[in-house]
Amino acid sequence: MNDQSTRARTTADWQALDAAHFLHPFTDFDALAKKGARVITRAEGIYLWDSDGHRIFDAMSGLWCVNVGYGQRSLIDAATRQLHELPFYNAFFQTATPPAIELAELLAEVTPPQFRHVFFAGSGSEGNDTIVRMVRRYWDLLGEPERQVIVSRRNAYHGSTMAGASLGGMAAMHAQGGLPIPGIVHIEQPFWREHGQGMTRDEFGLVAAGWLEDMIQRVGPDKVAAFIGEPVQGAGGVIVPPATYWPEIQRICDKYGILLVSDEVITGFGRTGHWFGCEAMGARPDLMTFAKGVTSGYIPLGGVMVGERVARVLIERGGEFNHGYTYSGHPVACAVGLANIRLVQQLGLVEHVRDVVGPQLARAYAELAQHPLVGEAETCGMMGALQLVKDKARGTAFPSELEVGMVCRGHCFREGLIMRAVGDRMIVAPPLVTTPAQLDEMVALIRRCLDLTLHDVGSRGWLA
Ligand SMILES: Cc1ncc(COP(=O)(O)O)c(C=O)c1O
(Lines give C-alpha, C1' and ligand atoms only; values in the text may rest on other atoms or scores of the structure.)
Protein backbone atom coordinates (compact mmCIF):
# COMPACT_ATOMS: atom_id res chain seq x y z
CA MET A 1 0.00 0.00 0.00
CA ASN A 2 1.32 3.46 -0.73
CA ASP A 3 1.29 6.22 1.89
CA GLN A 4 -2.26 7.37 1.17
CA SER A 5 -4.58 5.58 3.62
CA THR A 6 -7.90 4.01 2.67
CA ARG A 7 -9.79 6.75 4.52
CA ALA A 8 -8.05 9.57 2.65
CA ARG A 9 -9.21 8.43 -0.76
CA THR A 10 -12.48 9.68 -2.21
CA THR A 11 -14.88 7.55 -4.21
CA ALA A 12 -13.64 9.25 -7.36
CA ASP A 13 -10.04 8.32 -6.46
CA TRP A 14 -11.01 4.69 -5.94
CA GLN A 15 -12.94 4.58 -9.21
CA ALA A 16 -10.09 6.07 -11.19
CA LEU A 17 -7.57 3.62 -9.74
CA ASP A 18 -9.97 0.74 -10.23
CA ALA A 19 -10.56 1.67 -13.87
CA ALA A 20 -6.80 1.99 -14.44
CA HIS A 21 -5.78 -1.45 -13.14
CA PHE A 22 -8.53 -3.83 -12.07
CA LEU A 23 -10.24 -6.19 -14.54
CA HIS A 24 -13.37 -7.38 -12.70
CA PRO A 25 -14.95 -10.83 -13.11
CA PHE A 26 -17.98 -11.12 -15.41
CA THR A 27 -17.72 -7.46 -16.34
CA ASP A 28 -17.73 -5.33 -19.48
CA PHE A 29 -14.41 -3.66 -18.67
CA ASP A 30 -14.90 -0.59 -20.82
CA ALA A 31 -18.46 0.08 -19.64
CA LEU A 32 -17.43 -0.19 -16.00
CA ALA A 33 -14.42 2.05 -16.46
CA LYS A 34 -16.71 4.73 -17.89
CA LYS A 35 -19.31 4.36 -15.16
CA GLY A 36 -17.07 3.79 -12.13
CA ALA A 37 -17.27 0.84 -9.74
CA ARG A 38 -19.30 0.90 -6.55
CA VAL A 39 -16.73 0.69 -3.78
CA ILE A 40 -17.69 -1.23 -0.64
CA THR A 41 -15.57 -0.28 2.33
CA ARG A 42 -16.99 -2.06 5.37
CA ALA A 43 -19.71 -4.32 6.65
CA GLU A 44 -21.43 -5.39 9.85
CA GLY A 45 -24.11 -8.03 10.34
CA ILE A 46 -26.26 -7.96 7.23
CA TYR A 47 -25.31 -4.44 6.13
CA LEU A 48 -22.60 -3.06 3.84
CA TRP A 49 -21.36 0.51 3.60
CA ASP A 50 -20.05 2.06 0.41
CA SER A 51 -17.29 4.64 0.05
CA ASP A 52 -19.87 7.46 0.24
CA GLY A 53 -21.10 6.15 3.59
CA HIS A 54 -24.40 4.74 2.30
CA ARG A 55 -25.74 1.74 4.19
CA ILE A 56 -26.91 -1.16 1.99
CA PHE A 57 -28.97 -4.23 2.97
CA ASP A 58 -26.94 -7.14 1.59
CA ALA A 59 -29.74 -9.39 0.42
CA MET A 60 -27.25 -11.48 -1.62
CA SER A 61 -24.97 -12.46 1.31
CA GLY A 62 -21.94 -11.11 -0.54
CA LEU A 63 -22.20 -13.63 -3.39
CA TRP A 64 -24.41 -16.31 -1.79
CA CYS A 65 -21.78 -16.91 0.86
CA VAL A 66 -21.78 -14.69 3.96
CA ASN A 67 -24.30 -16.94 5.69
CA VAL A 68 -23.33 -15.99 9.26
CA GLY A 69 -23.24 -12.26 8.43
CA TYR A 70 -20.29 -9.88 8.63
CA GLY A 71 -18.09 -9.23 11.65
CA GLN A 72 -18.37 -12.59 13.43
CA ARG A 73 -15.69 -12.55 16.13
CA SER A 74 -15.14 -16.31 16.30
CA LEU A 75 -14.22 -16.52 12.61
CA ILE A 76 -11.91 -13.53 12.82
CA ASP A 77 -10.21 -14.94 15.94
CA ALA A 78 -9.84 -18.38 14.36
CA ALA A 79 -8.08 -16.86 11.34
CA THR A 80 -5.87 -14.65 13.49
CA ARG A 81 -4.84 -17.51 15.80
CA GLN A 82 -4.05 -19.76 12.86
CA LEU A 83 -2.08 -17.06 11.06
CA HIS A 84 0.14 -16.78 14.14
CA GLU A 85 0.42 -20.51 14.70
CA LEU A 86 0.92 -21.81 11.15
CA PRO A 87 -0.18 -19.58 8.27
CA PHE A 88 0.51 -22.20 5.63
CA TYR A 89 1.61 -25.68 5.10
CA ASN A 90 0.62 -27.95 2.25
CA ALA A 91 -1.11 -31.31 2.31
CA PHE A 92 1.07 -32.87 -0.40
CA PHE A 93 3.93 -35.26 0.38
CA GLN A 94 2.11 -37.13 3.12
CA THR A 95 1.68 -34.18 5.45
CA ALA A 96 -1.36 -32.63 7.11
CA THR A 97 -2.23 -29.77 9.45
CA PRO A 98 -4.59 -29.95 12.44
CA PRO A 99 -7.26 -27.55 11.08
CA ALA A 100 -7.57 -29.53 7.82
CA ILE A 101 -7.87 -32.82 9.70
CA GLU A 102 -10.43 -31.41 12.12
CA LEU A 103 -12.47 -29.77 9.38
CA ALA A 104 -12.52 -33.05 7.44
CA GLU A 105 -13.93 -34.72 10.56
CA LEU A 106 -16.56 -32.01 11.10
CA LEU A 107 -17.62 -32.10 7.45
CA ALA A 108 -18.12 -35.86 7.72
CA GLU A 109 -20.36 -35.15 10.73
CA VAL A 110 -22.61 -32.49 9.14
CA THR A 111 -22.95 -34.00 5.65
CA PRO A 112 -25.27 -36.94 4.81
CA PRO A 113 -24.11 -40.34 6.14
CA GLN A 114 -22.65 -41.62 2.85
CA PHE A 115 -19.90 -38.97 3.15
CA ARG A 116 -16.85 -39.73 5.27
CA HIS A 117 -14.10 -38.21 3.13
CA VAL A 118 -13.31 -34.81 1.69
CA PHE A 119 -10.95 -33.51 -1.01
CA PHE A 120 -10.17 -29.83 -0.40
CA ALA A 121 -9.89 -27.15 -3.09
CA GLY A 122 -9.79 -23.37 -3.09
CA SER A 123 -13.17 -22.61 -4.67
CA GLY A 124 -16.32 -24.07 -6.12
CA SER A 125 -14.84 -24.04 -9.62
CA GLU A 126 -11.79 -25.99 -8.46
CA GLY A 127 -14.14 -28.34 -6.65
CA ASN A 128 -15.96 -29.05 -9.89
CA ASP A 129 -12.70 -29.52 -11.78
CA THR A 130 -11.89 -32.11 -9.14
CA ILE A 131 -15.29 -33.72 -9.74
CA VAL A 132 -14.57 -34.20 -13.46
CA ARG A 133 -11.21 -35.82 -12.83
CA MET A 134 -12.42 -37.91 -9.90
CA VAL A 135 -15.50 -39.22 -11.68
CA ARG A 136 -13.48 -40.29 -14.71
CA ARG A 137 -10.78 -41.80 -12.51
CA TYR A 138 -13.42 -43.78 -10.64
CA TRP A 139 -14.70 -45.42 -13.81
CA ASP A 140 -11.14 -46.02 -15.07
CA LEU A 141 -10.35 -47.89 -11.87
CA LEU A 142 -13.48 -49.98 -12.27
CA GLY A 143 -12.32 -51.00 -15.75
CA GLU A 144 -14.85 -48.87 -17.63
CA PRO A 145 -12.64 -46.12 -19.08
CA GLU A 146 -15.16 -45.42 -21.84
CA ARG A 147 -17.50 -43.98 -19.22
CA GLN A 148 -16.42 -40.36 -19.66
CA VAL A 149 -19.55 -38.35 -20.31
CA ILE A 150 -21.00 -36.10 -17.65
CA VAL A 151 -24.56 -34.89 -18.11
CA SER A 152 -25.41 -31.40 -16.86
CA ARG A 153 -28.21 -28.90 -17.55
CA ARG A 154 -28.62 -25.78 -19.63
CA ASN A 155 -28.56 -22.59 -17.54
CA ALA A 156 -26.67 -24.41 -14.78
CA TYR A 157 -23.75 -22.63 -13.12
CA HIS A 158 -20.82 -24.71 -11.95
CA GLY A 159 -18.00 -22.16 -12.00
CA SER A 160 -15.66 -20.44 -14.37
CA THR A 161 -12.62 -22.67 -14.88
CA MET A 162 -12.51 -24.71 -18.11
CA ALA A 163 -14.24 -27.69 -16.50
CA GLY A 164 -16.56 -25.61 -14.32
CA ALA A 165 -17.76 -23.47 -17.22
CA SER A 166 -18.12 -26.58 -19.40
CA LEU A 167 -20.24 -28.32 -16.79
CA GLY A 168 -22.26 -25.12 -16.53
CA GLY A 169 -24.88 -24.53 -19.17
CA MET A 170 -24.48 -20.81 -19.73
CA ALA A 171 -24.50 -20.12 -23.47
CA ALA A 172 -22.61 -16.83 -23.07
CA MET A 173 -19.78 -18.63 -21.29
CA HIS A 174 -19.59 -21.43 -23.85
CA ALA A 175 -19.33 -18.78 -26.55
CA GLN A 176 -15.93 -17.70 -25.24
CA GLY A 177 -12.86 -19.94 -25.09
CA GLY A 178 -14.02 -22.96 -27.05
CA LEU A 179 -16.26 -24.57 -24.47
CA PRO A 180 -17.57 -27.02 -23.46
CA ILE A 181 -14.60 -29.35 -23.26
CA PRO A 182 -15.25 -32.84 -24.71
CA GLY A 183 -17.37 -35.32 -22.80
CA ILE A 184 -19.86 -32.91 -21.26
CA VAL A 185 -23.43 -32.74 -22.54
CA HIS A 186 -26.45 -30.74 -21.41
CA ILE A 187 -30.15 -31.42 -21.03
CA GLU A 188 -32.83 -28.76 -20.55
CA GLN A 189 -33.28 -27.27 -17.08
CA PRO A 190 -36.30 -28.10 -14.89
CA PHE A 191 -37.80 -24.60 -15.21
CA TRP A 192 -41.55 -25.11 -15.11
CA ARG A 193 -42.43 -21.55 -16.14
CA GLU A 194 -40.36 -21.85 -19.36
CA HIS A 195 -40.71 -25.49 -20.28
CA GLY A 196 -43.71 -26.89 -18.42
CA GLN A 197 -46.66 -25.23 -20.14
CA GLY A 198 -49.81 -27.32 -19.92
CA MET A 199 -48.44 -29.54 -17.17
CA THR A 200 -48.71 -29.44 -13.39
CA ARG A 201 -45.41 -28.81 -11.63
CA ASP A 202 -45.27 -32.42 -10.51
CA GLU A 203 -45.97 -33.78 -13.98
CA PHE A 204 -43.32 -31.50 -15.41
CA GLY A 205 -40.77 -32.63 -12.79
CA LEU A 206 -41.04 -36.19 -14.09
CA VAL A 207 -40.83 -35.07 -17.71
CA ALA A 208 -37.76 -32.91 -17.02
CA ALA A 209 -36.01 -35.74 -15.17
CA GLY A 210 -36.91 -38.01 -18.09
CA TRP A 211 -34.69 -35.84 -20.31
CA LEU A 212 -31.75 -37.35 -18.41
CA GLU A 213 -32.85 -40.84 -19.39
CA ASP A 214 -33.27 -39.73 -23.01
CA MET A 215 -29.74 -38.33 -22.97
CA ILE A 216 -28.32 -41.51 -21.41
CA GLN A 217 -29.94 -43.50 -24.22
CA ARG A 218 -28.61 -41.12 -26.84
CA VAL A 219 -25.02 -41.13 -25.53
CA GLY A 220 -25.10 -44.84 -24.66
CA PRO A 221 -25.61 -46.07 -21.08
CA ASP A 222 -22.09 -47.54 -20.99
CA LYS A 223 -20.55 -44.16 -21.81
CA VAL A 224 -22.24 -42.00 -19.16
CA ALA A 225 -20.20 -41.43 -16.02
CA ALA A 226 -22.29 -39.00 -13.96
CA PHE A 227 -25.05 -36.44 -13.73
CA ILE A 228 -24.39 -33.10 -12.02
CA GLY A 229 -26.93 -30.54 -10.84
CA GLU A 230 -27.51 -27.77 -8.34
CA PRO A 231 -30.39 -28.80 -6.05
CA VAL A 232 -31.82 -25.33 -6.70
CA GLN A 233 -30.22 -23.39 -9.59
CA GLY A 234 -28.76 -20.25 -8.08
CA ALA A 235 -27.00 -18.07 -10.64
CA GLY A 236 -29.48 -19.27 -13.26
CA GLY A 237 -32.19 -17.36 -11.39
CA VAL A 238 -33.17 -19.27 -8.23
CA ILE A 239 -35.02 -21.95 -10.15
CA VAL A 240 -36.67 -24.33 -7.72
CA PRO A 241 -37.38 -27.68 -9.39
CA PRO A 242 -40.70 -29.44 -8.90
CA ALA A 243 -40.78 -31.81 -5.90
CA THR A 244 -40.89 -34.82 -8.23
CA TYR A 245 -37.70 -33.90 -10.08
CA TRP A 246 -34.81 -34.99 -7.86
CA PRO A 247 -36.31 -38.30 -6.67
CA GLU A 248 -36.81 -39.20 -10.34
CA ILE A 249 -33.26 -38.10 -11.21
CA GLN A 250 -32.07 -40.34 -8.37
CA ARG A 251 -34.12 -43.27 -9.71
CA ILE A 252 -32.64 -42.84 -13.20
CA CYS A 253 -29.06 -42.57 -11.89
CA ASP A 254 -29.63 -45.74 -9.83
CA LYS A 255 -31.15 -47.55 -12.80
CA TYR A 256 -28.09 -46.91 -14.99
CA GLY A 257 -25.55 -47.05 -12.16
CA ILE A 258 -24.24 -43.54 -12.96
CA LEU A 259 -22.82 -41.28 -10.29
CA LEU A 260 -24.98 -38.47 -8.95
CA VAL A 261 -23.20 -35.22 -8.17
CA SER A 262 -24.89 -32.48 -6.17
CA ASP A 263 -23.29 -29.07 -6.57
CA GLU A 264 -23.94 -27.58 -3.13
CA VAL A 265 -21.78 -24.49 -3.53
CA ILE A 266 -24.82 -22.29 -2.88
CA THR A 267 -27.23 -24.73 -1.26
CA GLY A 268 -24.80 -26.16 1.29
CA PHE A 269 -24.61 -25.30 4.98
CA GLY A 270 -28.21 -24.37 5.68
CA ARG A 271 -29.34 -22.15 2.81
CA THR A 272 -32.38 -24.36 2.06
CA GLY A 273 -33.32 -25.01 5.70
CA HIS A 274 -31.46 -28.34 5.56
CA TRP A 275 -27.73 -28.79 5.98
CA PHE A 276 -27.49 -29.62 2.27
CA GLY A 277 -29.87 -29.00 -0.61
CA CYS A 278 -29.89 -32.65 -1.67
CA GLU A 279 -31.55 -33.44 1.67
CA ALA A 280 -34.25 -30.88 0.93
CA MET A 281 -34.78 -32.34 -2.54
CA GLY A 282 -34.75 -36.05 -1.68
CA ALA A 283 -31.53 -37.08 -3.42
CA ARG A 284 -28.62 -39.20 -2.19
CA PRO A 285 -25.58 -37.99 -4.17
CA ASP A 286 -22.30 -39.87 -4.50
CA LEU A 287 -20.30 -36.63 -4.62
CA MET A 288 -21.01 -33.07 -3.46
CA THR A 289 -19.19 -29.89 -4.37
CA PHE A 290 -19.04 -27.22 -1.67
CA ALA A 291 -17.47 -23.75 -1.22
CA LYS A 292 -18.92 -20.35 -0.21
CA GLY A 293 -20.93 -21.17 2.95
CA VAL A 294 -18.22 -23.47 4.34
CA THR A 295 -16.36 -20.36 5.53
CA SER A 296 -19.24 -17.90 5.01
CA GLY A 297 -16.93 -16.35 2.42
CA TYR A 298 -14.53 -14.96 5.02
CA ILE A 299 -11.70 -16.76 3.24
CA PRO A 300 -11.61 -18.89 0.07
CA LEU A 301 -12.23 -22.60 0.54
CA GLY A 302 -14.00 -25.25 -1.48
CA GLY A 303 -13.91 -28.96 -2.05
CA VAL A 304 -15.63 -32.20 -2.79
CA MET A 305 -17.36 -34.52 -0.36
CA VAL A 306 -16.59 -38.02 -1.58
CA GLY A 307 -19.20 -40.67 -0.86
CA GLU A 308 -18.14 -44.12 0.25
CA ARG A 309 -19.00 -45.66 -3.14
CA VAL A 310 -16.30 -43.54 -4.79
CA ALA A 311 -13.94 -43.20 -1.83
CA ARG A 312 -13.55 -46.98 -1.38
CA VAL A 313 -12.53 -47.40 -5.03
CA LEU A 314 -10.08 -44.47 -4.94
CA ILE A 315 -8.56 -45.60 -1.66
CA GLU A 316 -8.45 -49.36 -2.16
CA ARG A 317 -7.69 -49.63 -5.87
CA GLY A 318 -6.49 -46.18 -6.81
CA GLY A 319 -2.79 -45.74 -6.25
CA GLU A 320 -1.84 -42.09 -6.59
CA PHE A 321 -4.55 -39.61 -7.62
CA ASN A 322 -2.55 -37.10 -9.63
CA HIS A 323 -4.54 -34.07 -8.66
CA GLY A 324 -4.42 -31.32 -6.04
CA TYR A 325 -3.92 -27.66 -5.36
CA THR A 326 -1.32 -25.72 -3.37
CA TYR A 327 -4.16 -24.54 -1.16
CA SER A 328 -5.93 -27.91 -0.75
CA GLY A 329 -6.57 -27.94 3.00
CA HIS A 330 -5.11 -24.47 3.63
CA PRO A 331 -4.80 -24.29 7.43
CA VAL A 332 -6.15 -20.75 7.84
CA ALA A 333 -9.11 -21.42 5.55
CA CYS A 334 -9.83 -24.68 7.36
CA ALA A 335 -9.59 -22.97 10.78
CA VAL A 336 -12.18 -20.43 9.59
CA GLY A 337 -14.32 -23.27 8.17
CA LEU A 338 -14.26 -25.00 11.56
CA ALA A 339 -15.25 -21.82 13.40
CA ASN A 340 -17.96 -21.07 10.85
CA ILE A 341 -19.60 -24.50 10.97
CA ARG A 342 -19.47 -24.49 14.76
CA LEU A 343 -21.15 -21.08 14.74
CA VAL A 344 -23.85 -22.36 12.37
CA GLN A 345 -24.43 -25.17 14.86
CA GLN A 346 -24.35 -22.91 17.96
CA LEU A 347 -26.75 -20.37 16.48
CA GLY A 348 -29.03 -23.13 15.16
CA LEU A 349 -29.03 -21.44 11.75
CA VAL A 350 -30.29 -24.46 9.81
CA GLU A 351 -33.33 -24.64 12.10
CA HIS A 352 -33.70 -20.83 12.01
CA VAL A 353 -34.02 -21.04 8.22
CA ARG A 354 -36.24 -24.13 8.30
CA ASP A 355 -38.63 -22.97 11.02
CA VAL A 356 -38.49 -19.18 11.16
CA VAL A 357 -37.10 -17.03 8.36
CA GLY A 358 -37.58 -19.53 5.49
CA PRO A 359 -41.34 -19.79 6.10
CA GLN A 360 -41.49 -16.02 6.71
CA LEU A 361 -39.80 -15.36 3.35
CA ALA A 362 -42.22 -17.78 1.65
CA ARG A 363 -45.23 -15.94 3.14
CA ALA A 364 -43.84 -12.55 2.19
CA TYR A 365 -43.15 -13.69 -1.37
CA ALA A 366 -46.68 -15.10 -1.68
CA GLU A 367 -47.86 -11.54 -0.97
CA LEU A 368 -45.32 -9.97 -3.33
CA ALA A 369 -46.71 -12.28 -6.02
CA GLN A 370 -49.80 -10.01 -6.00
CA HIS A 371 -47.74 -7.01 -7.13
CA PRO A 372 -48.72 -5.87 -10.67
CA LEU A 373 -45.14 -6.27 -11.92
CA VAL A 374 -44.62 -9.79 -10.55
CA GLY A 375 -45.61 -12.78 -12.67
CA GLU A 376 -44.21 -15.42 -10.36
CA ALA A 377 -42.65 -15.52 -6.88
CA GLU A 378 -40.70 -18.52 -5.64
CA THR A 379 -38.64 -19.27 -2.55
CA CYS A 380 -36.65 -22.14 -1.13
CA GLY A 381 -35.28 -21.58 2.37
CA MET A 382 -33.40 -18.27 2.24
CA MET A 383 -33.49 -17.89 -1.54
CA GLY A 384 -36.16 -16.02 -3.43
CA ALA A 385 -37.02 -15.08 -7.01
CA LEU A 386 -39.49 -12.59 -8.45
CA GLN A 387 -40.21 -12.80 -12.18
CA LEU A 388 -41.01 -9.33 -13.54
CA VAL A 389 -43.64 -9.32 -16.27
CA LYS A 390 -45.19 -6.75 -18.56
CA ASP A 391 -48.72 -8.14 -18.46
CA LYS A 392 -49.58 -9.89 -15.22
CA ALA A 393 -52.86 -11.37 -16.45
CA ARG A 394 -51.21 -13.05 -19.44
CA GLY A 395 -47.79 -13.50 -17.87
CA THR A 396 -46.16 -11.74 -20.86
CA ALA A 397 -42.47 -10.96 -20.50
CA PHE A 398 -40.93 -7.57 -21.27
CA PRO A 399 -38.81 -7.50 -24.45
CA SER A 400 -35.38 -8.55 -23.20
CA GLU A 401 -33.62 -5.54 -24.79
CA LEU A 402 -35.45 -3.23 -22.34
CA GLU A 403 -33.48 -4.85 -19.49
CA VAL A 404 -36.23 -4.21 -16.97
CA GLY A 405 -34.38 -6.34 -14.42
CA MET A 406 -31.48 -3.88 -14.61
CA VAL A 407 -33.88 -0.96 -14.19
CA CYS A 408 -35.22 -2.60 -11.03
CA ARG A 409 -31.71 -3.35 -9.82
CA GLY A 410 -30.82 0.33 -10.24
CA HIS A 411 -33.73 1.33 -8.00
CA CYS A 412 -32.60 -1.27 -5.45
CA PHE A 413 -29.10 0.21 -5.27
CA ARG A 414 -30.48 3.72 -4.86
CA GLU A 415 -32.77 2.53 -2.06
CA GLY A 416 -29.95 0.70 -0.27
CA LEU A 417 -30.73 -2.90 -1.23
CA ILE A 418 -28.63 -5.46 -3.07
CA MET A 419 -31.03 -7.56 -5.13
CA ARG A 420 -29.60 -9.27 -8.20
CA ALA A 421 -31.15 -9.34 -11.68
CA VAL A 422 -30.95 -12.47 -13.85
CA GLY A 423 -32.66 -11.16 -16.93
CA ASP A 424 -36.01 -9.98 -15.54
CA ARG A 425 -35.83 -12.36 -12.59
CA MET A 426 -34.95 -10.55 -9.36
CA ILE A 427 -33.21 -12.80 -6.85
CA VAL A 428 -32.19 -12.65 -3.22
CA ALA A 429 -30.27 -14.93 -0.87
CA PRO A 430 -30.04 -13.03 2.44
CA PRO A 431 -27.66 -14.04 5.23
CA LEU A 432 -29.00 -16.93 7.29
CA VAL A 433 -28.61 -14.84 10.47
CA THR A 434 -31.19 -12.33 9.22
CA THR A 435 -33.76 -11.78 11.98
CA PRO A 436 -37.51 -11.71 11.37
CA ALA A 437 -37.51 -7.90 11.84
CA GLN A 438 -34.65 -7.52 9.34
CA LEU A 439 -36.47 -9.77 6.89
CA ASP A 440 -39.52 -7.48 7.18
CA GLU A 441 -37.21 -4.57 6.45
CA MET A 442 -35.88 -6.36 3.34
CA VAL A 443 -39.36 -7.17 2.05
CA ALA A 444 -40.48 -3.56 2.58
CA LEU A 445 -37.45 -2.40 0.57
CA ILE A 446 -38.24 -4.90 -2.19
CA ARG A 447 -41.85 -3.74 -2.34
CA ARG A 448 -40.72 -0.12 -2.55
CA CYS A 449 -38.28 -0.94 -5.37
CA LEU A 450 -40.99 -2.83 -7.27
CA ASP A 451 -43.28 0.20 -6.94
CA LEU A 452 -40.53 2.51 -8.17
CA THR A 453 -39.79 0.19 -11.09
CA LEU A 454 -43.46 -0.05 -12.00
CA HIS A 455 -43.75 3.72 -12.02
CA ASP A 456 -40.51 4.03 -14.00
CA VAL A 457 -41.40 1.52 -16.74
CA GLY A 458 -44.92 2.97 -16.89
CA SER A 459 -43.60 6.47 -17.50
CA ARG A 460 -41.24 5.15 -20.19
CA GLY A 461 -44.32 3.73 -21.94
CA TRP A 462 -43.12 0.11 -21.59
CA LEU A 463 -46.36 -1.20 -20.11
CA ALA A 464 -48.43 -0.25 -23.14
C1 LIG B 1 -23.52 -23.87 -7.90
C2 LIG B 1 -22.17 -23.25 -8.06
N3 LIG B 1 -21.13 -24.03 -8.35
C4 LIG B 1 -19.90 -23.53 -8.50
C5 LIG B 1 -19.66 -22.19 -8.36
C6 LIG B 1 -18.28 -21.66 -8.55
O7 LIG B 1 -17.73 -21.31 -7.33
P8 LIG B 1 -16.47 -20.31 -7.29
O9 LIG B 1 -16.95 -18.99 -7.78
O10 LIG B 1 -16.09 -20.34 -5.83
O11 LIG B 1 -15.42 -20.90 -8.14
C12 LIG B 1 -20.71 -21.34 -8.04
C13 LIG B 1 -20.49 -19.89 -7.88
O14 LIG B 1 -21.40 -19.11 -7.74
C15 LIG B 1 -22.01 -21.88 -7.90
O16 LIG B 1 -23.07 -21.09 -7.66
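Each chain has its residues counted from 1, following the order in which its sequence is written. Where totals are concerned, whole chains, interfaces and linings use all residues; where local detail is concerned, this predicted model gives features only for residues with pLDDT of at least 70, and gives and counts side-chain atom pairs only at 80 or more.

Asker: Which residues make up the overall build of the chain, and what values do they have?
Answerer: When its secondary structure is counted, the chain shows 17 helices and 14 strands. Both definitions apply: the radius of gyration is a C-alpha atom measure, and the globule rule equals 2.2 Å times residues to the power 0.38. Taken over the C-alpha trace, the chain has a radius of gyration of 22 Å; the compact-globule value for 464 residues is 23 Å, and the two agree within 12%. Taking all 464 residues of the chain together, the buried fraction comes to 47%. The contacts in the chain between residues at least 6 apart in sequence include a share of 71% that link residues at least 24 apart. Helix numbering and strand numbering both begin at the N terminus, where a helix is a DSSP run of H or I of at least 4 residues and a strand a DSSP run of E of at least 2. Exposure classes come from backbone-placed C-beta atoms, where a residue is buried if 20 or more other C-beta atoms lie within 10 Å of its own, exposed if 12 or fewer do, and partly exposed in between. We call two residues in contact when their backbone-placed C-beta atoms lie within 7 Å.

Asker: Break down the sheet that holds strand β14 (residues 425-428) for me, with residues and values.
Answerer: Taken in spatial order, the 4 strands of this open sheet run β11-β12-β14-β13, and their pairing is antiparallel. The sheet terminates laterally at β11 (374-380) and β13 (420-422), the two strands that pair on one side only. With direction set aside, neighbouring strand axes in the sheet form an average angle of 20°. Two strands qualify as a pair provided DSSP detects at least 2 bridges between them. Across 3 bridges, β13 lies against β14 in antiparallel orientation. Opposite V422, over in β14, you have R425 as the bridge partner. Note on definitions: angles span 0 to 180 degrees between N-to-C directions of axes, and those axes are lines fitted to C-alpha atoms, for helices only across the stretch in contact. Strands in contact with helix α15 (residues 349-368) are β11 and β12 (383-388); relative to β11, the strand with the most contacts, it is inclined by about 175°.

Asker: Can you break down the sheet that holds strand β3 (residues 55-57) residue by residue, with the values?
Answerer: Pairing is antiparallel in the open sheet, where 3 strands are placed in the order β1-β2-β3. Strands at the two margins of the open sheet, each flanked by one partner only, are β1 (40-44) and β3. For this sheet the average axis-to-axis angle between neighbouring strands, irrespective of direction, equals 30°. As judged from the 3 bridges shared by strand β2 (residues 47-50) and β3, these two strands associate in the antiparallel manner. Looking at the pairing, W49 lines up with R55 of β3.

Asker: Account for the site of the ligand, naming residues and giving values.
Answerer: Placing a C-beta atom from the backbone of each residue, we mark the residue near a molecule or strand if the atom is within 6 Å of it. Close to the ligand lie 16 residues; S123, G124, S125, G159 and V265 are nearest. Examining the composition of the shell around the ligand, we find that 3 residues originate from one element, helix α6 (residues 124-141), more than from any other. For the shell around the ligand, a count of residues per class yields 5 nonpolar, 9 polar and 2 charged. Basically, the charged four are Asp, Glu, Lys and Arg, the nonpolar ten are Ala, Val, Leu, Ile, Met, Phe, Trp, Tyr, Cys and Pro, and anything else, Gly included, counts as polar.

Asker: Tell me about the nonpolar core, and please be specific about residues and values.
Answerer: Within the largest apolar cluster, 124 residues are counted, with the highest numbers of intra-cluster contacts made by V135, I150, F227 and L287. Tallying contributions element by element places helix α14 (residues 331-347) first for this core, with 10 residues. Both domains that meet at this core, namely domain 1 (38-71 + 349-459) and domain 2 (73-347), each give it at least three residues. Among residues more than four places away in sequence, those in contact with V135 are I150, A225, A226 and L259. Here, a nonpolar core denotes buried Ala, Val, Leu, Ile, Met, Phe, Trp, Tyr and Cys residues that are linked to one another through C-beta atoms within 7 Å. For the purposes of this description, domain bounds are those given by an automatic or database domain assignment.

Asker: Run through the packing of helix α16 (residues 404-415) against helix α17 (residues 436-459), naming residues and quoting values.
Answerer: Contact pair α16 / α17: the axes reach a minimum separation of 9 Å and the direction vectors enclose 130°. Looking at the two axes, α16 sits oblique to α17. Crossing of α16 over α17 shows right-handed handedness. Every residue of α17 that contacts α16 at V404, V407, C408, H411, C412 and E415 is listed here: L445, R448, C449, L452, T453, D456 and V457. To sort the angles, those under 35 degrees are grouped as roughly parallel, those over 145 as roughly antiparallel, those from 65 to 115 as roughly perpendicular, and the leftovers as oblique. Working rule for handedness: look at the near helix, and if it is turned counterclockwise from the far one by less than a right angle, call the crossing left-handed; if clockwise, right-handed.

Asker: Account for unusual backbone geometry, with residues named and values stated.
Answerer: The omega torsion of the bond from L179 to P180 falls at 0°, within 30 degrees of zero and hence cis. Here P180 lies in the loop between α8 (171-174) and β6 (184-187). A positive phi angle, near 50°, is found at S61, a position not held by glycine. Among the secondary structure elements, S61 is positioned in helix α3 (residues 61-64). Although it is not a glycine, Q94 adopts a positive phi angle of roughly 60°. The residue Q94 is located in the loop between α4 (73-85) and α5 (98-110) in this model.

Asker: Before we move on, could you go through the pairing of strand β4 (residues 115-121) and cite the residues and values that matter?
Answerer: Taken across its 7 residues, β4 has 5 buried, putting it largely inside the fold. Relative to strand β10 (residues 302-307), β4 runs antiparallel, the two sharing 6 bridges. By the bridge assignment, F120 is partnered in β10 with G303.

Asker: Outline the packing of helix α10 (residues 201-219) against helix α11 (residues 245-256), listing residues and values.
Answerer: With their axes 8 Å apart at the nearest point, α10 and α11 run at an angle of 25° to one another. With respect to α11, the axis of α10 lies roughly parallel. The chirality of how α10 crosses α11 is right-handed. Between α10 and α11, the residues in contact are G205, L206, A208, A209, L212, E213 and I216 and Y245, E248, I249, I252 and Y256, respectively. Classifying every residue of the contact of α10 with α11 gives 9 nonpolar, 1 polar and 2 charged.

Asker: Summarise the pairing of strand β7 (residues 224-229); cite the residues concerned and give the values.
Answerer: Look at any regular strand and the pattern is simple: side chains alternate between the two faces of the sheet. Along β7, 6 of the 6 residues are buried, which leaves the element largely enclosed by surrounding structure. Judged from the 3 bridges that link them, strand β5 (residues 149-153) and β7 form a sheet pairing that is parallel. Bridging from a neighbouring strand, I150 pairs with A226 of β7. Sheet topology note: the β7/strand β8 (residues 259-263) ladder contains 4 bridges and is parallel.

Asker: Tell me about the confidence of the model for the chain, and please be specific about residues and values.
Answerer: Of all residues in the chain, 98% have pLDDT values of 70 or greater, and the mean over the chain is 97. Residue-level confidence of the predictor is summarised by pLDDT, bounded by 0 at the bottom and 100 at the top. Of all secondary-structure elements in the chain, the lowest mean pLDDT belongs to helix α9 (residues 192-195), at 95, while β8 reaches the highest, 99.

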